[in-house]
Amino acid sequence: QVQLVESGGGLVQPGGSLRLSCAASGNILAIYAMAWYRQTPGEQRELVAVINSDGSTNYADSVKGRFTISRDNAKDTLYLQMSSLEPVDTAVYYCYLNARPAGVPYRKHYWGQGTQVTVSS
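Each value, and the rule that gives it
Residues numbered from 1 in each chain as written. Predicted model: local features only at pLDDT ≥ 70, side-chain atom pairs only at ≥ 80, totals over all residues. Heavy atoms only, no water. Salt bridge = Lys/Arg side-chain N within 4 Å of Asp/Glu carboxyl O. Buried < 20%, exposed > 50% of the residue type's maximum accessible area, 1.4 Å probe, protein only. Helix = DSSP H or I, 4+ residues; strand = E, 2+ residues; numbered from the N terminus. Contact = heavy atoms within 4.5 Å.

## Overview of the pattern of salt bridges
Thinking step 1. Evaluated as defined, the whole model comprises 5 salt bridges.
Thinking step 2. Put simply, Arg38 and Glu46 hold a salt bridge, and the shortest N to O gap is 2.6 Å.
Thinking step 3. Assessed through its relative accessible area of 35%, Glu46 is described here as partly exposed.
Thinking step 4. As a salt-bridge pair, Arg66 and Asp89 come within 2.8 Å of each other at their nearest N and O atoms. One end of the pair, Arg66, is in the loop between β6 (57-59) and β7 (67-72); the other, Asp89, is in the loop between β8 (77-82) and β9 (91-101), and 23 residues separate them in sequence. Asp89 shares its class with Arg66; the two are buried.
Thinking step 5. Residues joined by salt bridges that share partners form a network here, namely Arg38, Glu46, Arg66, Glu86 and Asp89.

## Examining the environment of Thr40
Thinking step 1. Its place among the elements puts Thr40 in the loop between β4 (28-39) and β5 (46-52).
Thinking step 2. In this structure the C-alpha to C-alpha distance between Thr40 and Asn58, which are 18 residues apart in sequence, comes to 21 Å.
Thinking step 3. In contact with Thr40, not counting residues within four places along its chain, are Thr90 and Ala91.

Note that all results are geometric; they support no functional claim without further evidence.
What follows is the structure in C-alpha cells.
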C-alpha cells in the first residue's frame, strides 16, 4: 500500500519561508512524477510545481522564482521550499505521486492528506 505523508505546513508572516515535505512509503517500482498542488475553499485544486522522473521541473507562473520543488530519490521524499510567501499563497497543499506500485501493471495516482499553509500577519 503506497502512502504519502506530508509535513511542514503552518502559519507564516508575509515575506517568510516554509518548507513542505512529503514522504512516500510502500512498495514502489517506479516513480514517474511527483508534484505539489494547492486548494482554497470553493476553488479547484491547482498545480503548483511538478518534478518528473528525469529531474525536469515546471512551476505555476504565480510561484516562479519563489518556490523550489526538489526530490530526494534515496528517501522517496518530495520537498517544496517556499520563499517570499504572500497571503494569496494561503491554501491546503497536497502532495501528488504518479507511480507504479509492485504487483500492478500500470501507473496509479496517489494523494497526500494535505497540509495547511497560512500566510498572515
